[in-house]
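A look at the structure
Read off the chains here:
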Amino acid sequence: MKEVNLKNFGITVVIGILLWFCPIPEGVTPEAWHLFAIFVSTILGIILKAAPMGTMCMIAVGLTAFFQLLAPGNAGQSITLSLKGFGDKVIWLIGISFFIARGFIKTGLGNRIAYLFIRAFGKSTLGLAYGLGLADLVLAPAIPSNTARGGGIIYPIMKSMAMNFGSDPTKEETKKKVGSFLTLNCYYLNLITSAMFLTGTASNPMCQKFAADIGINISWMNWAVGGFVPGALAFLLTPLVLYKIYPPELKKTGDAPKIAAQKLREMGKLTLPEKLMLVTFFILLFLWITGDLFTIDATTTAFIGLAILLLTSVLTWEDVKSEKGAWDTIVWFAVLVMMASSLNTLGFIGWFSDLVKAQMGGIDWHYAYPLIVIVYFFSHYIFASATAHVAAMYAALLGVGVSLGVPPMLLALTLGYMGSIYGTLTHYGHGPAPVFFGSGYVELKSWWTYGLIIGLFLLAIYLVVGTTWLSIIGYF
């Protein structure tokens with residue numbers, strides 16, 4: 001199967017060449033403009049799926065080094081700087097957390113947690129929806145791949161439950177019994193839990209990195225405390241709203257707790273690997289929460305967790321080597337972070353911020369803040385990757401907002417939370433979307449319609465309740 005779409009790759013190359021040879025705006029260095037051309041082409045190639053993300057990023061590294069954009073006249077220094085993203089601690093936080101997530105799946109602890117919540121809450125379809133969501137919430141801090149969490153743990157259990165109640169996605173007359181409702185609900189709650197923790201989804205630490213580049217330091221606890229109230233409210237209300245506007249035909253699922261109990265009996269008592277995984281999970285949470293007191297950052301904590309899992313043989317080195325998703329993420333994350341950070345270092349982001357500020361005519365920050373967030377939210381319609389969207393727009397919009405007087409921490413966190421929430425809009429908007437949409441329970445029109453409704457609902461929560469909460473706790 002061809003990995004490269006020649007037509008779309010050709011479009012990407014043409015756009016890149018046109019940008020490269022465009023007149024360079026006043027105030028921008030040639031190196032900054034040419035890196036911008038490569039960066040835009042890379043993002044466009046990812047959006048168009050001209051080639052795999054890793055392929056596009058490797059081409060970008062090669063071009064950046066070949067043209068010596070980061071160190072003109074010094075080839076050796078140029079390639080070193082082109083690879084600097086691989087030494088960034090944020091990249092390794094994400095990569096190692098993928099390995100830790102493998103422990104939940106390999107030991108079966110993730111499934112056990114999900115079945116425990118279903119046994120407790122699954123007597124009704126709404127209760128089943130909350131049970132699956134609570135399992136996702138518990139797993140979210142330690143599983144930054146929301147695709148692995150939602151698609152690898154929650155989705156198979158959700159589909160199994162739906163099928164047990166006669167809700168078959170291949171039969172039009174049965175799929176709306178419970179399957180359609182549970183599919184959308186699980187996906188929406190996955191996005192909400194992803195927004196609540198710095199380690200909830202892969203793009204969050206990228207936001208942290210870009211914010212740090214302009215002097216806004218966000219810790220794991222800053223992110224979690226800031227997102228707690230709007231996240232908890234969104235988590236509690238979203239299933240109720242969806243239940244009202246897109247109700248399941250079957251309201252009672254009294255057999256679900258029995259099915260979950262049977263699954264738990266089949267799993268037996270907690271195994272030693274599960275116990276070790278559970279202990280490691282609590283150690284990770286403790287250090288992520290209290291790390292600032294001991295000057296232990298989130299990446300160091302992730303290394304500690306992985307070391308424990310390897311030393312106790314919960315994971316083997318073969319498990320680590322075979323975790324392709326983690327290594328793939330490390331590669332393209334490192335390159336995107338390198339380019340976006342270098343654009344800031346070369347002054348391009350500052351120039352762009354000043355340009356937009358001048359065009360906005362000194363608008364008061366109280367108006368600029370919601371406008372920037374709304375633009376960022378709805379621009380996700382053109383992105384097939386949350387990470388690509390963050391890489392393309394987060395730093396630029398954050399710089400614009402700060403230059404207009406928007407409180408830095410307020411805007412940095414709100415844009416960060418949007419990096420998950422805007423995934424409601426489309427069936428390609430976030431990692432787990434293709435998995436849930438691919439189930440066949442929800443047709444395209446319904447996915448986009450209810451995605452927009454829930455998206456607007458969540459956007460209102462984060463802009464109103466979230467902003468108020470961040471003000472109350474003194475973040476601005």
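Residues numbered from 1 in each chain as written. Predicted model: local features only at pLDDT ≥ 70, side-chain atom pairs only at ≥ 80, totals over all residues. Heavy atoms only, no water.

Quick reminder of the rule: UniProt positions are given in the numbering used here, feature names are shortened, and annotations may be inferred rather than shown by experiment.
By the naming in an unreviewed UniProt entry, the protein chain goes by Anion permease and is assigned to Myroides odoratus. You can read under Subcellular location (unreviewed entry) in the UniProt record for the protein chain the words "Membrane". Here is the UniProt Sequence similarities (unreviewed entry) comment for the protein chain, exactly as written: "Belongs to the SLC13A/DASS transporter (TC 2.A.47) family. DIT1 subfamily."

Focus: the overall build of the protein chain
We apply this condition: Going along the chain from the N terminus, every DSSP run of H or I of four or more residues is numbered as a helix, and every run of E of two or more is numbered as a strand. We compute the radius of gyration over the C-alpha atoms and compare it with the globule rule, which gives 2.2 Å times the number of residues raised to the power 0.38. Under the scheme applied here, a residue whose accessible area is under 20% of the maximum for its type counts as buried, over 50% as exposed, and between as partly exposed, the area being computed with a 1.4 Å probe on protein chains only. Pairs of residues are marked as contacts when any of their non-hydrogen atoms sit within 4.5 Å. Neither His nor the chain termini are counted; the positive set is Lys and Arg, and the negative set is Asp and Glu. Where a charge lies is defined by one atom per residue type, namely NZ (Lys), CZ (Arg), CG (Asp) and CD (Glu).
Counting its regular elements, the protein chain contains 22 helices and 0 strands. Over its C-alpha atoms the protein chain spans a radius of gyration of 23 Å, differing by no more than 12% from the 23 Å that the globule rule assigns to 476 residues. Overall, the protein chain is about 70 × 50 × 50 Å in size when its C-alpha atoms are taken along their principal axes. Counting only residues that meet the buried cut, the protein chain has 55% of its 476 residues in that class. Within the protein chain, counting contacts between residues at least 6 apart in sequence, those at least 24 apart form 78% of the total. Of the side chains in the protein chain, 29 bear a positive and 22 a negative charge, and the two mean positions are spaced by 11 Å.

Describing the pattern of salt bridges
Convention followed: Just to be clear on terms, a salt bridge is a Lys or Arg side-chain nitrogen sitting within 4 Å of an Asp or Glu carboxyl oxygen.
Per the stated rule, a full pass over the model turns up 10 salt bridges. Note that Lys258 and Asp255 form a salt bridge whose closest N and O atoms lie 3.9 Å from each other. Under the relative-accessibility criterion, Lys258 is labelled exposed at 60%. The class of Asp255 is partly exposed, set by a relative accessible area of 42%. Several salt bridges share partner residues, and in doing so they unite Asp88, Lys209 and Asp213 into one network.

Side note on the packing of helix 11 (residues 220–245) against helix 20 (residues 408–421)
What counts, and what does not: As a rule, the C-alpha atoms of each element are fitted with a line to give its axis, helices using only the stretch in contact, and angles between N-to-C directions run from 0 to 180 degrees. By definition in this entry, angles of less than 35 degrees are roughly parallel, angles greater than 145 are roughly antiparallel, angles of 65 to 115 are roughly perpendicular, and the rest are oblique. For this scheme, ten residues count as nonpolar: Ala, Val, Leu, Ile, Met, Phe, Trp, Tyr, Cys and Pro. Four count as charged, namely Asp, Glu, Lys and Arg, and the remainder, Gly too, count as polar.
Axis separation between helix 11 and helix 20 bottoms out at 11 Å; the angle between their running directions is 75°. Taken together, the axis directions place helix 11 and helix 20 in an arrangement best described as roughly perpendicular. The residues of helix 20 that touch helix 11, namely those facing Asn222, Trp223, Gly226 and Gly227, are Met409, Leu413, Gly416 and Tyr417. Each residue belonging to the contact of helix 11 with helix 20 can be placed in one class, and the counts come to 4 nonpolar, 4 polar and no charged.

Details of the state of the cysteines
Worth spelling out the cut-off: Cysteine sulfur atoms that pair up within 2.5 Å are treated as a disulfide.
Applying the stated criterion across every chain, the model contains 0 disulfides. Left without a disulfide partner, Cys57 is nearest to the cysteine sulfur of Cys207, which lies 16 Å away. Take Cys57: its relative accessible area is 0%, and that puts it in the buried class.

Topic: unusual backbone geometry
Although it is not a glycine, Gln68 sits at a positive phi angle of roughly 50°. You can see Gln68 is positioned in the loop between helix 3 (53–66) and helix 4 (75–82). On the accessibility criterion, Gln68 (22% relative accessible area) is partly exposed. In this structure, Thr295 is a non-glycine residue whose phi angle is positive, near 50°. Looking at where Thr295 falls in the secondary structure, it is placed in the loop between helix 13 (272–290) and helix 14 (298–311).

With respect to the environment of Pro23
Take Pro23: it is sitting in the loop between helix 1 (6–20) and helix 2 (30–48). Judged by relative accessible area, Pro23 falls into the exposed class, the value being 72%. Between the C-alpha atom of Pro23 and that of Trp33, which follows or precedes it by 10 residues, the distance is 9.5 Å.

Examining the packing of aromatic side chains
Here is the rule: A pair of aromatic rings is counted whenever rings of Phe, Tyr or Trp (Trp by its six-membered ring) have centres within 6.5 Å, and the orientation is called stacked for planes under 30 degrees apart, edge-to-face for over 60 and tilted otherwise.
Summed over the entire model, instances satisfying the criterion amount to 30 aromatic pairs. On the numbers, 5.4 Å between centres and 65° between planes, the contact of Tyr376 with Tyr422 is edge-to-face. Linking Tyr376 in helix 18 (residues 365–378) with Tyr422 in the loop between helix 20 and helix 21 (433–437), this pair joins segments that are 46 residues apart in sequence. With respect to class, Tyr376 is no different from Tyr422; both count as buried.

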